[in-house]
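# Results of the structural survey
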Amino acid sequence: MIPTLIVLGLLALGVGIVAFATRRTETRQDVVVDQDTAWNDPVTPANTAPVEADPFANAPVLTPAVSIDPIPTDAIPVERPS
């Protein structure tokens, strides 16, 4: 009688584990939201930002950097006392 109870207990435990592992929880994707749009409304994504004009379009043009001639290679640098 004891082995039969052990086998039935293990079988019930196995069924419980399988039922727990395969259960389906309700997700947000299962919920269908009715969209309030007419047939001729433009369809745009909800997370699209509006297109704005370039704020720097009328900015002044920067002047080119001042170029300095390189030091001649035959010049010896002056040593400074430490």
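Use the structure listed above.
Predicted, not measured: the structure shown is a model, and the values here were computed from it.

Counting its regular elements, the protein contains one helix and zero strands. Taken across its 82 residues, the protein has 0% of its residues classed as buried. Approximately 9200 Å² of the protein is accessible, and the part contributed by carbon and sulfur atoms is 64%.

This part takes up a nonpolar patch on the surface. A surface patch of nonpolar side chains, amounting to about 1100 Å² of accessible area, comprises Met1, Ile2, Leu5, Ile6, Leu8, Leu10, Leu11, Leu13, Val15 and Ile17. Topologically, valine 15 is positioned in helix H1 (residues 2-21).

Compared with an ideal rise of 1.5 Å per residue, which puts 20 residues at 28 Å, H1 spans 29 Å between its outermost C-alpha atoms and is within 8% of the ideal. Little of H1 is tucked away: zero of the 20 residues are buried.

Cut-offs applied
Residues numbered from 1 in each chain as written. Predicted model: local features only at pLDDT ≥ 70, side-chain atom pairs only at ≥ 80, totals over all residues. Heavy atoms only, no water. Helix = DSSP H or I, 4+ residues; strand = E, 2+ residues; numbered from the N terminus. Buried < 20%, exposed > 50% of the residue type's maximum accessible area, 1.4 Å probe, protein only. Areas by Shrake-Rupley, 256 points an atom, 1.4 Å probe, with all protein chains shown as cover. Patch = residues over 30% accessible without salt bridge, like charges linked within 9 Å, V, L, I, M, F, W, Y side chains within 5 Å. Salt bridge = Lys/Arg side-chain N within 4 Å of Asp/Glu carboxyl O. Expected span 1.5 Å × (residues − 1).

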